[in-house]
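# Report on the structure
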Amino acid sequence: MAVSKRVHGTPAASIGAREAKARAPAPAPDCREPFHGGSFFDHEGLPYCETHYHAKRGSLCAGCSKPITGRCITAMFKKFHPEHFVCAFCLKQLNKGTFKEQNDKPYCHQCFDKLFG
C-alpha cells in the first residue's frame, strides 16, 4: 500500500493558485466537513479528510469501514484489518487462505461444514 501524504496547513497548499482562491479554506470535498487541526490528505491534488482519502484509495476496512494504515489482509477482493477478518458465523479471527467463502462472506472450515456441508 502506498504511503499517504498528510499535509498541514490550508487545503490551498496542495492545489494550484487559481483553484486556491476559489477553494480556500474549503472543507473536504466528499463530506463537507472542515479539516480539524489544519490537517488533510492530498490525493490527485485535492484535499481530503482521512476517511475519504482512504475511500478514494480503496484502503478502508471491509469489516469496520475505518482507514487501514498498518497491516492489511486482502481477501475476496476486499481489504481488512487483520482483527476484522473473521468468520461470518462464529466471529473467530481468520487467516488469509484458511477460510471458505459462501455468498461473499468468509467462514472458518468448521462453521462452513456445519452450515453448508
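Residues numbered from 1 in each chain as written. Predicted model: local features only at pLDDT ≥ 70, side-chain atom pairs only at ≥ 80, totals over all residues. Heavy atoms only, no water.

## Things to note about the pairing of strand β2 (residues 39-43)
The buried fraction of β2 is high, at 5 of 5 residues. The alternating pattern of β2 places Ser39, Phe41 and His43 on one face and Phe40 and Asp42 on the opposite face, and all of these are buried. Sheet topology places β2 next to strand β3 (residues 46-48); 3 bridges connect them, and they run antiparallel. In the sheet register, aspartate 42 faces β3, and the bridge partner there is proline 47. (Buried < 20%, exposed > 50% of the residue type's maximum accessible area, 1.4 Å probe, protein only. Helix = DSSP H or I, 4+ residues; strand = E, 2+ residues; numbered from the N terminus. Pairing = 2+ DSSP bridges.)

## Considerations on the packing of aromatic side chains
The description of an aromatic ring pair rests on the distance of the ring centres and on the angle between the ring planes. What the rule picks out here adds up to 4 aromatic pairs. Plain terms: the ring middles of phenylalanine 80 and phenylalanine 85 are 4.9 Å apart, the flat faces sit at 50 degrees to each other, and that makes the pair tilted. According to the relative accessible area criterion, phenylalanine 85 is buried, its value standing at 0%. Feature note: the residues Phe80, Phe85 and Phe99 constitute an aromatic cluster, connected by ring pairs. (Phe/Tyr/Trp six-rings, centres within 6.5 Å; stacked < 30°, edge-to-face > 60°.)

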